[in-house]
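# Structure at a glance
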Amino acid sequence: MKTLIINDLAQNCELDHKQMASVRGGHGTSSQSYSLYPMPSYAKTVNATQNLTQFQNVLNETADGSAFVSGVTANNNTSQFGQNNLLVI
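Here the structure is a predicted model, which means the values were calculated and not measured. (Residues numbered from 1 in each chain as written. Predicted model: local features only at pLDDT ≥ 70, side-chain atom pairs only at ≥ 80, totals over all residues. Heavy atoms only, no water.)

### Things to note about the overall build of the protein
We apply this condition: Every helix listed is a DSSP run of H or I at least four residues long, and every strand listed is a run of E at least two residues long, numbered separately from the N terminus. Between buried and exposed lies partly exposed: a residue is buried under 20% and exposed over 50% of the maximum accessible area for its type, with that area taken using a 1.4 Å probe on protein chains only. In what follows, residue pairs with any heavy atoms lying within 4.5 Å of each other are defined as contacts. Areas reported as accessible are Shrake-Rupley estimates using a 1.4 Å probe. Residue values count occlusion only from the protein chains shown.
Along the protein, the regular secondary structure elements total 1 helix and 0 strands. The proportion of buried residues among the 89 residues of the protein is 1%. Within the protein, contacts between residues separated by at least 24 positions form 41% of all contacts whose residues are at least 6 apart in sequence. As displayed, the protein has an accessible area near 9,400 Å², and 49% of this comes from carbon and sulfur atoms.

As structure tokens, then:
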């Protein structure tokens, strides 16, 4: 049989079963045990599906097929950006 010594009580006396069960961390009337510092759980399950679909169709027809027009220019500056982020905490 093991001996439990509690040094931080206000009284210096021996505790009976009921008094000992009322001490935090002891066993009460139920079979459940209470811990002063519960063990943390770091287990995570992440099932993530990310889809990023982008389409860009740029058509630039200026003086296309014209035999008598010269010096015609057209500039298209297009840009497209897409991003998928997943943050697991």
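There's plenty left to go through after this.
### What to know about the environment of Gln-56
By secondary structure assignment, the location of Gln-56 is in the segment after helix 1 (17-21). Among all residues touching Gln-56, those that are not within four sequence positions of it are Thr-78, Ser-79 and Gln-80.

### Side note on a nonpolar patch on the surface
So the rule is basically this: Patch members must show over 30% relative accessible area and no salt bridge, and they are joined within 9 Å when carrying like charges or within 5 Å when they are nonpolar side chains of Val, Leu, Ile, Met, Phe, Trp or Tyr. The term salt bridge refers to a pairing of a side-chain nitrogen on Lys or Arg with a carboxyl oxygen on Asp or Glu at a separation within 4 Å.
On the surface, a nonpolar cluster with roughly 250 Å² of combined accessible area is contributed by Val-46, Leu-86 and Val-88. Considering the arrangement of structural elements, one finds Leu-86 in the segment after helix 1.

### Some thoughts on the environment of Asn-57
With respect to the element layout, Asn-57 can be found in the segment after helix 1. For the pair Asn-57 and Thr-78, spaced 21 residues apart in the sequence, the C-alpha separation amounts to 9.9 Å.

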